[in-house]
Amino acid sequence: MTRPEKLLFQNTIAAVQALYHTTPDDSMVSVQRTRTDFEGDYTLVLFPLLRISKKSPEDTAAEIGNWLITHREEWETFQVVKGFLNLKLTTAYWKHFLQAALDERDYGVIPIKKEAPVVVEYSSPNTNKPLHLGHIRNNFLGEAICNILAANGFPVVRVNLVNDRGIHICKSMVAWLKFGNGETPESSGMKGDHLIGKYYVLFDQVWKKEVAGLVAQGLSDEVAREEAPLMVEAREMLRKWEQGDRVVRDLWLRMNEWVYEGFALTYQRMGVHFDKTYYESETYLLGKDLVLKGLEEKKLVRKSDSSVWADLSDEGLDEKILLRSDGTSVYMTQDLGTANLRFLDYGPQKMVYVVGNEQNYHFDVLQRILHKLGYDWASRIFHLSYGMVELPQGKMKSREGTVVDADDLMDAMYETSRQMSEALGKVKAGDQGAEALFSLVSLGALKYFILKVDPKKKMLFNPEESIDFNGNTGPFIQYTYARIRSLLRKAENQGKRISLNGDEDFAVLNQAEMAILKALHEYPEIVRAAGEGLSPAMIANYAYDLAKAFNGFYQEVPVLKEEDENKAAIRLSLVLMTGRVIQRAMALLGIAVPERM
RNA sequence: GGUCGCGUAGCUCAGGGGAUAGAGCAACGGCCUUCUAAGCCGUCGGUCGCAGGUUCGAUUCCUGCCGCGAUCACCA
């Protein structure tokens, strides 16, 4: 609850006690912000209180309204509309609010508290192919959520878990050895991650041909898939890898390094960074130890083929395999170990995993197994389950070549940004700072497009809409900021006062000014709610509403031309605060704002 | 089939036990000799999937149904 809402809540209880000598249940006191189409700031819904007052809604509203404005100084006037009591805060309240907000160093932000950190895992790429649109949503969400948590005072640790081992990377290695002719990022001019991805795709193509050939010879599809020569080689390579074969490990290190160099460029461009990177190759054995310990303690079971399982049937789930019959570990085993390591590393109050909703079951099982093994910190794990990104033609499918590559997408957005800027006659390539601006605007468009959607929901990525820079978009908000900066620069040059001196009369604020003031007033509550709900979308939608309110104000209310010095000072103060809040809200989303555009 | 999630304007999305359900895009019409028109204003557009239930009040909560999706691997 924002402060006035809480105040009205408490005041209402006092009013009801005084007027009707009864204490209402909390649930009977329904307070909300007054809808913009009615006069007032906060609204009390009367219906639940009629049982106590035993009077008509109108009479009850009038009695409570009168009591509030005579006994509580914050409330100035009230209006009764049907069963609703609409109350107005005093102009003094708003004046003090704006002054206080201007004085605050970081309005809406809670300083980092000294407490156990929140560890957030996101990105989590495989090293066999470049990042794509799905990773983009993941990375942007992770980055924004960390920013938002930090703004709520939580110490945050950003971690990445790189899946650098397993059959997938062996496939790229086999294909590269067989068909690569020693090709390197340098010799080919390709980014390392793209180069590796090329061989992963090549593996798949050749393997499929082999499978088709074997099937033609009479093998079943299932057998053919396993016995195709290329697959046999990949499995053999994985076996050698696990045994620590020098040659295989050296190749693996070399090829993974190419991928990391490629990832680093993409991360840098996306504005994503981590405090700590875990590598599955370094953690997967830890999980194995955990499982063997659980087995000793009879919390897990070994079957006759010597595979190890967690039995979750008494919790309504199935059994889950943790060690294969050959003793090797599966994904779950690795994740158990990583979770434990992370807990030991940071002793976090909460571990957030930013992972797609396709893994809901996995995280449910992960938590249950950890509990079963006796780790009560398992309840600190929170799976931030986000929806898949889909294209107008449906899901992305690598087989059908519909996967949208992250680098390509950012390139395309940059190009659109440049064209748009030049077409509008703003900035053109070659101008001072032009490249930085195109980059800032294009990334802003992409990030905002992705983050404005509720993380829980699947989202449609329509390329045509993503490059629209009008309406509810990142560039719209960036543009609003640029206008604000322009106004403030001019005000400074003209020596105008951009602060309050106490002489200003807030009673004369018009509707456009009040709309901005109220929007600014909501910001801390939005940051809080976004942190609680781990929802960057709430910040995005707020930033848009604020920008929209500002543009309405900008259109109809003169600022620099206002001759009344006090009025101008209020307006400039509103402009200044709006700029600050837009800048900070966008920064929470990982989006920069320009001085000009 | 079991489990979970989602169905709001032509499209993409907000909202959410309360007042006439909101934006953007698309379509149409206005506003640049005045602070950046990547803007502003207006028109058009809805039985909030369907049916019950709880409630003074349901689009919001509950149940069932229909539709869409995810998942239920010795894949990750």
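Residues numbered from 1 in each chain as written. Chains lettered and ligands numbered in written order. Predicted model: local features only at pLDDT ≥ 70, side-chain atom pairs only at ≥ 80, totals over all residues.

1. Let's talk about the overall build of chain A
1) Next: Regarding its fold elements, chain A presents 21 helices and 14 strands.
2) Next: Each principal axis of the C-alpha atoms in chain A carries an extent, and together these give about 90 × 65 × 45 Å.
3) Next: Within the span of chain A, comprising 597 residues, buried residues form 41% of the whole.
4) Next: Sequence separation of 24 or more characterises 73% of the internal contacts of chain A that already satisfy a separation of 6 or more. (Helix = DSSP H or I, 4+ residues; strand = E, 2+ residues; numbered from the N terminus. Buried ≥ 20, exposed ≤ 12 C-beta atoms within 10 Å, placed from the backbone. Contact = placed C-beta atoms within 7 Å.)

2. Concerning the packing of helix α5 (residues 133–151) against helix α19 (residues 511–533)
1) Next: Between α5 and α19, the shortest axis-to-axis distance is 9 Å and the interhelical angle comes to 125°. It follows from the interaxial angle that α5 and α19 lie oblique. Read as a crossing pair, α5 and α19 show a hand that is left-handed. Contacts between α5 and α19 involve Ile148, Leu149 and Ala151 from the first element and Val527, Ala530 and Gly531 from the second.
2) Next: Among the residues making up the contact of α5 with α19, the classes are represented as five nonpolar, one polar and no charged. (Axes fitted to C-alpha atoms, helices over the stretch in contact; angles between N-to-C directions. Parallel < 35°, antiparallel > 145°, perpendicular 65-115°, else oblique. Left-handed = near helix turned anticlockwise from the far one by under 90°. Nonpolar A, V, L, I, M, F, W, Y, C, P; charged D, E, K, R; others polar.)

3. Some words on the domain arrangement of chain A
1) Next: When cut into domains, chain A gives domain 1 (3–89), domain 2 (164–270) and domain 3 (407–588).
2) Next: Here the C-alpha centre of domain 3 lies 35 Å away from the C-alpha centre of domain 1. (Domains from an automatic or database assignment.)

4. Quick notes on the sheet that holds strand β7 (residues 276–279)
Sheet strands associate in pairs through backbone hydrogen bonding, adopting either a parallel or an antiparallel arrangement.
1) Next: Strand order in the open sheet formed by five strands is β7-β6-β5-β11-β12, with parallel pairing between adjacent strands. Of all strands in the sheet, those with a lone pairing partner are β7 and β12 (381–386), marking the two edges. Here the average twist between neighbouring strands, direction ignored, is 25°.
2) Next: Packing against the sheet, helix α13 (residues 331–346) makes contact with β5 (118–121), β6 (156–162), β7, β11 (350–356) and β12, and its axis sits at approximately 150° to β6. (Pairing = 2+ DSSP bridges.)

5. Notes on the sheet that holds strand β8 (residues 301–302)
1) Next: Pairing in this open sheet of three strands is antiparallel, and the strands run β8-β9-β10 from one edge to the other. In this open sheet, the two edge strands, each paired with only one partner strand, are β8 and β10 (319–323).
2) Next: Pairing of strand β9 (residues 308–311) with β10 involves four bridges; the strand directions are antiparallel. Among the inter-strand pairings, Asp311 is bridged to a residue of β10, identified as Glu319.
3) Next: Of the strands in this sheet, β8, β9 and β10 are in contact with helix α12 (residues 280–296), which crosses β10 at around 120°.

6. Things to note about helix α10 (residues 229–243)
1) Next: Along its 15 residues, α10 runs 21 Å from first to last C-alpha, staying within 8% of the 21 Å computed at 1.5 Å per residue.
2) Next: Buried within α10 are the following residues: Leu230, Met231, Ala234, Met237, Leu238 and Trp241. Buried positions in α10, seen along its axis, are confined to an arc of 120° and lie on one side of it.
3) Next: Elements that come into contact with the buried residues of α10 comprise α6 (167–179), α8 (192–216), α9 (221–227) and α11 (246–270).
4) Next: Just downstream of α10, Gly244 is the residue with a positive phi angle, here 80°. (Expected span 1.5 Å × (residues − 1). Arc of directions from axis to C-beta.)

7. Observations concerning unusual backbone geometry
Note: most residues except glycine have negative phi, and most peptide bonds are trans.
1) Next: The phi dihedral of His21 falls on the positive side, at around 55°, and the residue is not glycine.
2) Next: Among the structural elements, His21 can be located in the loop between α1 (3–20) and β1 (30–33).
3) Next: Assessed through the 8 C-beta atoms surrounding it within 10 Å, His21 is described here as exposed.
4) Next: Even without being glycine, Lys298 reaches a positive phi, approximately 65°.

8. Some thoughts on the protein's contact with RNA strand B
1) Next: Inspection of the region around RNA strand B gives 71 residues, with Tyr331, Asp454, Gly471, Tyr479 and Ala482 positioned closest.
2) Next: Those elements that provide at least two residues to the surface near RNA strand B are β2 (42–45), β4 (84–89), α14 (360–372), α15 (406–423), β14 (459–460), α18 (474–493) and α20 (536–556).
3) Next: Broken down by element, the surface near RNA strand B gets its largest block of residues, eight residues, from α18. (Near = placed C-beta within 6 Å.)

9. Section: the pairing of β4
1) Next: The element β4 is extensively covered by neighbouring structure, given that five of its six residues are classed as buried.
2) Next: Of the strand pairs in this sheet, β2 and β4 are connected by four bridges, and their pairing is antiparallel. What sits directly across from Leu44, in β4, is Leu85.
3) Next: Sheet analysis places strand β3 (residues 75–81) next to β4, joined by six bridges and oriented antiparallel.

10. Brief notes about α18
Since there are 3.6 residues in each turn of an α-helix, residues three or four apart along the chain are aligned in direction.
1) Next: In a regular helix each residue adds 1.5 Å, so 20 residues correspond to 28 Å; α18 covers 29 Å between its end C-alpha atoms and thus fits that length.
2) Next: Of all the positions in α18, only Gly474, Pro475, Phe476, Ile477, Gln478, Tyr479, Thr480, Tyr481, Ala482, Ile484, Leu487 and Ala491 are classed as buried.
3) Next: On the buried face of α18, the contacting elements are α16 (434–451), α20 and α21 (565–588).
4) Next: Positive phi shows up at Gly495, right after α18, with a value of about 70°.

11. Details of the confidence of the model for chain A
1) Next: This prediction gives chain A a mean pLDDT of 94; 100% of its residues lie at or above 70.
2) Next: Across the interface, the model reports ipTM at 0.96; the global pTM reads 0.96. (pLDDT = per-residue confidence, 0-100.)

12. What to know about the pairing of β9
Here is the key point about a regular strand: its side chains alternate between the two faces of the sheet.
1) Next: Of the two faces of β9, the one holding Val308 and Ala310 is buried and the one holding Trp309 and Asp311 is not buried anywhere.
2) Next: Pairing of β8 with β9 involves two bridges; the strand directions are antiparallel. Residue pairing in the sheet places Arg302 in a bridge with Val308 of β9.
3) Next: In sequence, β8 turns back onto β9 through a hairpin of five residues, with Ser306 there showing a positive phi of about 75°.

13. Digging into the environment of Gly471
1) Next: You can see Gly471 is positioned in the loop between α17 (463–466) and α18.
2) Next: Separated by 77 residues in the primary sequence, Gly471 and Lys548 place their C-alpha atoms 9.3 Å from one another.

14. A short note on the environment of Tyr331
1) Next: Along the chain, Tyr331 falls in helix α13.
2) Next: The class of Tyr331 is partly exposed, set by 15 C-beta atoms lying within 10 Å.
3) Next: C-alpha of Tyr331 to C-alpha of Asp545: the two residues are 214 residues apart in sequence and 43 Å apart in space.

15. Topic: the environment of Asn566
1) Next: Structurally, Asn566 can be placed in helix α21.
2) Next: In this structure Asn566 comes out as partly exposed when scored by C-beta crowding, with 17 C-beta atoms within 10 Å.
3) Next: Separated by 192 residues in sequence, Asn566 and Gly374 have C-alpha atoms that sit 66 Å apart.
4) Next: Once residues within four sequence positions are removed from consideration, Asn566 is found in contact with Asp503, Glu504 and Asp505.

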